[in-house]
Amino acid sequence: MAQSHLSEVDAVQEREQEFIGFASNPAPLLVAQYERIAREEMQGLPFYHATMPIVAECVLFEAQWLGCVLTPWMLSVVVLPGPEQLWPVRSSSDRLALQLPCGNMTFMVGELPETGQQLACSLMSPLDPHLGAEQGRSLVSSTLKMLLSLPVQQGAGGVDLGRRRLFGARRGQPA
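Remember, it's a predicted structure, so these values are computed and weren't measured experimentally.

## Focus on helix H3 (residues 133–147)
For step 1, the next point in the chain: The end-to-end C-alpha separation of H3 is 21 Å, in line with the 21 Å expected for 15 residues at 1.5 Å each.
For step 2, the next point in the chain: Taken as a whole, H3 has its buried residues at Gly136, Val140, Thr143, Leu144 and Leu147. All buried residues of H3 project into a common sector of 95° when viewed along the axis, lining one side. Residues of H3 that are exposed and point over 90 degrees away from its buried face: Glu134 and Lys145.
For step 3, the next point in the chain: In this structure, the buried side of H3 is in contact with strand E2 (55–61), strand E3 (64–71), strand E4 (74–81), strand E6 (95–100), strand E7 (103–112) and strand E8 (116–124).

## Brief notes about unusual backbone geometry
For step 1, the next point in the chain: Residue proline 126 is bonded to the preceding serine 125 through a cis peptide linkage, with omega at -5°.
For step 2, the next point in the chain: Its location among the elements puts proline 126 in the loop between E8 and H3.
For step 3, the next point in the chain: Although it is not a glycine, glutamate 62 adopts a positive phi angle of roughly 50°.
For step 4, the next point in the chain: Among the secondary structure elements, glutamate 62 is positioned in the loop between E2 and E3.
For step 5, the next point in the chain: The exposed category is assigned to glutamate 62, whose relative accessible area is 65%.
For step 6, the next point in the chain: Although it is not a glycine, glutamate 84 adopts a positive phi angle of roughly 60°.
For step 7, the next point in the chain: On the secondary structure map, glutamate 84 appears in the loop between E4 and strand E5 (86–88).
For step 8, the next point in the chain: Residue glutamate 84 is classed as exposed on the basis of its relative accessible area, which comes to 77%.

## Remarks on the confidence of the model for the chain
For step 1, the next point in the chain: Put simply, the chain has an average pLDDT of 84, and 77% of its residues get 70 or more.
For step 2, the next point in the chain: Confidence over residues 1–15 falls short of pLDDT 50; this stretch has zero contacts with residues more than four positions distant or in other chains.
For step 3, the next point in the chain: The low-confidence segment residues 159–169, where pLDDT is below 50, has eight contacts with residues more than four positions distant or belonging to other chains.

Rules and cut-offs
Residues numbered from 1 in each chain as written. Predicted model: local features only at pLDDT ≥ 70, side-chain atom pairs only at ≥ 80, totals over all residues. Heavy atoms only, no water. Helix = DSSP H or I, 4+ residues; strand = E, 2+ residues; numbered from the N terminus. Expected span 1.5 Å × (residues − 1). Buried < 20%, exposed > 50% of the residue type's maximum accessible area, 1.4 Å probe, protein only. Arc of directions from axis to C-beta. Contact = heavy atoms within 4.5 Å. pLDDT = per-residue confidence, 0-100.

Written out as structure tokens, the structure reads:
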């Protein structure tokens, strides 16, 4: 009987060390949280870009939510658990390297009050003061597309466009 009780306690503790993913796109939740943070904590800081909107876009990638978030102080890539995913609770500031189609990226574990833990990778902080609101919105969409794009690499048997090779081939020799 005691063993049964211990396994129930272990199961409860294990569940407390995990959190469930988002069934639907978390972008609206991220926007709402960052709007509150902007209003309550960031507005008075010297690097706050007052004309920059708060924008978040997320897509499902390998059953996780991959997103890009723009605020008046930063541009970041975020990863949140997807539908029916269970993520272990990690220590804040832990670092994880993830392989995305665009290449490897290092993320830091962070936490927001309403959505809980997320992985974040800062791309720009603070924002360029000359970046306009429409450019910022466009940057979010372009960044998300780039994250999911395969890198273009020239293989070992690539085309040699050196001037000698281009113009120096003689008749009967392969170019």
